[in-house]
Amino acid sequence: RPDAAVVVATVRALKVHSGRHEVRAGRPLPEELLEEDPDAVHEGAANLRKQIENVRLHGVTPVVAVNAFPTDHDSEHRALREIAEEAGVRAAVCTHFARGGKGAVELAEAVAEAAEAPGEFRLLYPDDASLREKIETIATKVYGADGVDYDLTASRQLDAYERNGFGRLPVCVAKTHLSISSDPTLKGAP
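Rules used throughout
- Residues numbered from 1 in each chain as written.
- Predicted model: local features only at pLDDT ≥ 70, side-chain atom pairs only at ≥ 80, totals over all residues.
- Heavy atoms only, no water.
- Patch = residues over 30% accessible without salt bridge, like charges linked within 9 Å, V, L, I, M, F, W, Y side chains within 5 Å.
- Areas by Shrake-Rupley, 256 points an atom, 1.4 Å probe, with all protein chains shown as cover.
- Salt bridge = Lys/Arg side-chain N within 4 Å of Asp/Glu carboxyl O.
- Helix = DSSP H or I, 4+ residues; strand = E, 2+ residues; numbered from the N terminus.
- Buried < 20%, exposed > 50% of the residue type's maximum accessible area, 1.4 Å probe, protein only.
- Core = buried A, V, L, I, M, F, W, Y, C linked by side-chain atoms within 4.5 Å.
- Axes fitted to C-alpha atoms, helices over the stretch in contact; angles between N-to-C directions.
- Parallel < 35°, antiparallel > 145°, perpendicular 65-115°, else oblique.
- Contact = heavy atoms within 4.5 Å.
- Nonpolar A, V, L, I, M, F, W, Y, C, P; charged D, E, K, R; others polar.
- Pairing = 2+ DSSP bridges.
- Right-handed = clockwise from strand over helix to strand, strands pointing away.

## Section: a nonpolar patch on the surface
Phase 1: A cluster of nonpolar side chains, contributed by Y161, F166 and L169, occupies part of the molecular surface with about 300 Å² of accessible area.
Phase 2: If you trace the backbone, L169 turns up in the segment after α8 (152-163).
Phase 3: When its relative accessible area of 46% is taken as the criterion, L169 is described as partly exposed.

## Some thoughts on the pattern of salt bridges
Phase 1: Under the criterion given, the structure shown has 9 salt bridges.
Phase 2: Across the pair D37 and R20 runs a salt bridge whose closest N-O atoms are separated by 2.4 Å. With D37 in the loop between α1 (11-17) and α2 (38-43) and R20 in the loop between α1 and α2, this residue pair connects regions lying 17 residues apart in the sequence.
Phase 3: Overall, D37 belongs to the buried group, its relative accessible area being 15%.

## Description of the nonpolar core
Phase 1: Counting residues in hydrophobic clusters, the biggest one holds 21 residues, and the most contacted among them are L14, V41, L48, V64 and L80.
Phase 2: Among the elements of the structure, β1 (4-9), α1, α3 (46-56), β2 (61-67), α4 (74-86) and β3 (90-94) are those that each provide at least two residues to this core.
Phase 3: Per-element tally for this core: the top contributor is α4, with 4 residues.
Phase 4: Formed by 8 residues, the second largest nonpolar core is a distinct cluster that contains A4, V63, C94 and A110.

## Considering the packing of helix α7 (residues 131-142) against α8
Phase 1: Between α7 and α8, whose axes approach to 10 Å, the crossing angle comes to 120°. As judged from the angle between their axes, α7 and α8 are oblique. Two secondary-structure elements touch here, α7 through L131, R132 and I135 and α8 through S155, L158, D159, Y161 and E162.
Phase 2: Tallied by class, the residues present in the contact of α7 with α8 amount to 4 nonpolar, 1 polar and 3 charged.

## Side note on the pairing of β3
Phase 1: With 4 of 5 residues buried, β3 is to be regarded as a mostly interior element.
Phase 2: Where β2 meets β3, 5 bridges bridge the pair, whose relative direction is parallel. Bridged to A65 within β3 is A92.
Phase 3: Crossover β2 to β3 through α4 is right-handed.

And the structure:
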């Protein structure tokens, strides 16, 4: 049972979630993405706020780890700290890639403090919930869906899993990392 959880964020990711910048795989980053713009960091914070909320669903204290890049600006790190503070969580700027363990001391201290904070880990659903109930719980509570529809093949597979004794297993939902939704072009927390 975890006592704390780390949510990793980058200035770049929040700027992209602001909707101001378009990043394409295999192409260089847009020059303007690397320019100082703390307002874009604030504008792109909806997804980070949702991830903090998702950790709290489990009764665990989150810590925001700002994975710092050399192209980041201090004002943008301050913006990320402000977002975390507004959400009532700790934040630490991490430079471990460049500085090794010394660059992760602030994070280690924040995690240790968070682990000491009151909390009580809980699962999102009981083990004995049906697979459909588990999937719906994840879809609605974590991803903000209004419900779940199954095509015939998926419905038959779920029935077969439950008949074969797999209904009590946990469910993991894999999706794009580019959006909290199933649509990678939707930024923020739609």
